Each structure stands twice: as C-alpha cells, then as structure tokens.
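Structure assessment
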Amino acid sequence: LSEEEKRVFRRLAVFAGGFTLDAAEAVCMADKAEEANQSPLESLTSIVDKSLVITQEAVGAGERYRLLEPLRQYADDRLSQAQEADSARRSHATFYLALGDEMYRELRGLSQVRWMALAIEEMDNFRACFGWALKLDVRAALQLAVALERYWIKSSPAEGRVWLRRALELYGARDELRAHALYDATFWAWYRGDHDEARQHGQECLALAQELGSDLYIGQALSGLATVASSERPEGSLAQSLSLFQEAEQHIRAVDDPEALGRLLNNFGSTLYEGGDLVGARAKIEEALALARARNDVWQIGGFLESLAEVEYASGETANAERDWKRVLELSGQLGARDATAYALVGLARLAMADERPERYLRLLGAANNLLTLAGRIDSDVGQVITDAQRESH
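Residues numbered from 1 in each chain as written. Predicted model: local features only at pLDDT ≥ 70, side-chain atom pairs only at ≥ 80, totals over all residues. Heavy atoms only, no water.

Some points on the side chain of His-92
On the secondary structure map, His-92 appears in helix α5 (residues 85-106). The class of His-92 is buried, set by a relative accessible area of 3%. In this structure His-92 touches Val-14, Phe-15, Val-27, Asn-125, Ala-128 and Cys-129, once residues within four positions along its chain are discounted. (Helix = DSSP H or I, 4+ residues; strand = E, 2+ residues; numbered from the N terminus. Buried < 20%, exposed > 50% of the residue type's maximum accessible area, 1.4 Å probe, protein only. Contact = heavy atoms within 4.5 Å.)

Printed below as a string of structure tokens:
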C-alpha cells in the first residue's frame, strides 16, 4: 500500500458493521495531509482491488464496504500505533451524530421505509458512536438516543431503554431534550412491563414540562401516565387513565404537532376500546388515522390501522378487521417493525380460531410471541392468550 492507502486503511478500523462511501470520506478526510496526492475514494478503490475491503449491496443506491474482522483488528492496531485513533473516532462520531439528526427527520418523511432500513443497517455504527459520545459528549449521546426513537419502538424498545437510562444518568440539564427523553423512557419501561419505572419517568417528565411551560411535553407526559394507568387493573385505574388522556388532549391540541396529536388520539382511542366504548374509540382512532394519512406517515398509519382493526373485530366487522390487519403486516414488513407485525399476527390468529382453525391459530400466536421477544417487548395480555391457547390445544 502507498502511504495514503495505509492511512485510509487504518482509519477504516473505526467502522462497525460496514460503512458507506460518504462515511469513509468523512472519516478519512479529517486531518488529511495537504500534500497527499490520492483522494480517499481512489485509496478505497485501490484497497478494494487488493481484497482488503469487501463490497456489498447498500440500502438505496451505491455500495457498502466492510473489513473482515481480522483485518479490522489489524487496522485498529495500526491506527493506535499512528496515534490517530482519537481523531478517527471523533470524525466517526461527528458523522453518525449528524446522520442520527437527519434520521429523526427522515423517519417522519416520505422516504421513511428506506430510512428505517438504513437505521437497521447502521445500528452497529450508531452503537459505537453512542459509546464515544457517552464518554465525551453526553448531550450528543442523549440526542442520538432520542433521534432513534422510531427505530426503538418498532424494533428494540429494550435497547432504547438502556441507552436512555445511561444517558439520562449523566445528563443534568433541565431542558426540552431531557423532557423528550423522559417521555420516551416512560414508554420504553412500559413496553417492558415495568409500570413503576414508567410512572416515575412520566411524573418527572410532567414536573419538568410544567417548569418549562411546554404544552407539548405536559401533554406528552400526561399521555404517558395515562397509558401506564390503562395497563393496570386496580379499580378506578381506567377512569383515571381516561381523565389523564382528556387533559393531555387539551394541551397537545394547543400546539401544532400532528404527529404528537395522532399518537395521543390513538392511545386514547385504544383505552376507550378497553373500557368498552367502541364508538368513542373509533372516533379517536379514525381522527388519528386521518392525520397520519394527510402526511403519508406510513409508520403511524400502520400502528393506527392495528388499533382500528381491534375496534372493527370487537364490533363484528371481521372482514374489515382482516383487511386492516393484513395491511398492517404489509406496512410493518416494509419498516421491519417487529411489534406491529406481532400484533397483526395475533389479530389474524383470533380470526383463525373464530373459523375453527386451531393449528393456524397456534402457529400465528407462536410467531407473534417470538417477534415480541426479539423486540424486547413484554405483553402480559398476549402471553396469557398464548398460554391459554396452548392449554386448550392439549
């Protein structure tokens, strides 16, 4: 290798799980000597030609590159010997922190299916970036944890919970970033069935939001607390949940945030459904769905259709419920969303049992349970359905 090729090769050691050309250029251009007569792209091409870096298909256009692990470890040793490790890792973190901010926006845009696939593809690099930021820039670490919230919800709330816990312990500022993180942490704990932790985060979020005078985060915090209450069984918890949702709705309608309003209305509708108010539930969920469709927000459309299918099934509209659950499967498959896929499978399983097809029923429930386990989601209701079904089948 030429000296410039050696430099590029050792700096590529900071990537985990592969990298794009843009990422390689960002890392390899940092601290680049002015007299270097070879561009990072030329060096990378030469290194690929020499079989030190392999190529693979990337999400969207272009190629993705990867070092085999023994070569990556060798390059990492050379990076340390050249005393370039700190610089290379800082450049790597800078690139992926910026990508995280872009991902937060794009996961709410028209190309969110492609960006969700990119999030999955880049998770190893995001993990490396988070580890760096946690030591050297905790605000950036917390911001990255929040930026990936849609990925966490659909794929791994358990890991998202760990990231937020670690960053929140170190981040002392009382600002909207902390309020946002506490709101997310409320739901990550709720997803794991830890209602005490979820309530603690929700109450802290509410206190901070009131201190900041933020209608959005007051509403978000109340919504989180309402969702926790709706999952508990003590007498009066459902009434408390509905009261909290009503208060939350007033605050969130006071701000221009259709994503937050849609999420609130969907959760509110689901709680009304649990209380047996199918008419009220349908009204809330259909309004949420209309907001999501107006923005072509595939991520929310899939989640809200799942809620609507529950109402349709309870109302005896089995054909509509089947249609919507199948549409959820299609959308969640595009997004790689494990939990939405699981709940759609549970719905279709109930239809199979109604059609007296017990083998299909058990097969669908088993697949749903596996997906929820992979996502780190604990759902006692689904678990009980599966346990009861297995008992009945024997």
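Some remarks on the nonpolar core
Core analysis: the largest hydrophobic core is formed by 116 residues, its most contacted members being Leu-12, Phe-19, Phe-126, Trp-163 and Leu-164. Sort the elements by how many residues they give to this core and helix α19 (residues 338-354) lands first, with 10 residues. The contact partners of Phe-19, leaving out residues within four places of it in the chain, are Leu-12, Ala-24, Leu-44, Val-53, Arg-64, Tyr-65, Arg-66, Leu-67 and Tyr-96. (Core = buried A, V, L, I, M, F, W, Y, C linked by side-chain atoms within 4.5 Å.)

Here we look at the layout of surface pockets
Roughly 390 Å³ of volume is contained in the second largest pocket. Around the second largest pocket sit 18 residues that line it, and Thr-20, Leu-21, Asp-22, Phe-95 and Leu-118 are the ones nearest its centre. Those elements giving two or more residues to the lining of the second largest pocket turn out to be α2 (21-29), β3 (63-66), α5 and α6 (112-121). Taken together, the residues of the lining of the second largest pocket sort by class into 10 nonpolar, two polar and six charged. (1 Å grid on protein atoms, 1.4 Å probe; cavity = no way out; pocket = protein on both sides within 12 Å on 5 of 7 lines; lining within 4 Å. Points joined across faces, edges and corners; volume = space filled by probe spheres on them. Nonpolar A, V, L, I, M, F, W, Y, C, P; charged D, E, K, R; others polar.)

Re the packing of aromatic side chains
Where two aromatic rings form a pair, the distance of their centres and the angle of their planes describe that pair. According to the stated counting rule, one finds 16 aromatic pairs in the structure shown. Relative to Phe-268, the ring of Phe-245 has its centre 5.2 Å away and its plane inclined at 10°; by these criteria the two rings are stacked. Of the two residues, Phe-245 sits in helix α14 (residues 237-253) while Phe-268 sits in helix α15 (residues 258-274), which places them 23 residues apart along the sequence. Residue class for Phe-268 comes out buried when judged on its relative accessible area of 4%. Between the aromatic rings of Tyr-313 and Trp-325, the centroid separation amounts to 5.9 Å while the plane-to-plane angle is 50°, which identifies the pairing as tilted. With Tyr-313 in helix α17 (residues 298-314) and Trp-325 in helix α18 (residues 318-335), this residue pair connects regions lying 12 residues apart in the sequence. Accessibility expressed as a relative area gives 24% for Tyr-313, which makes it partly exposed. Connected via pairs of aromatic rings, a cluster forms that spans Phe-15, Phe-19, Tyr-65, Phe-95, Tyr-96 and Phe-126. Its end group placed over the ring of Tyr-104, Arg-108 keeps NZ or CZ at 3.8 Å from the ring centre. (Phe/Tyr/Trp six-rings, centres within 6.5 Å; stacked < 30°, edge-to-face > 60°. Lys NZ or Arg CZ within 6 Å of the ring centre and 35° of its normal.)

As far as function goes, none of this settles anything; it's purely spatial.
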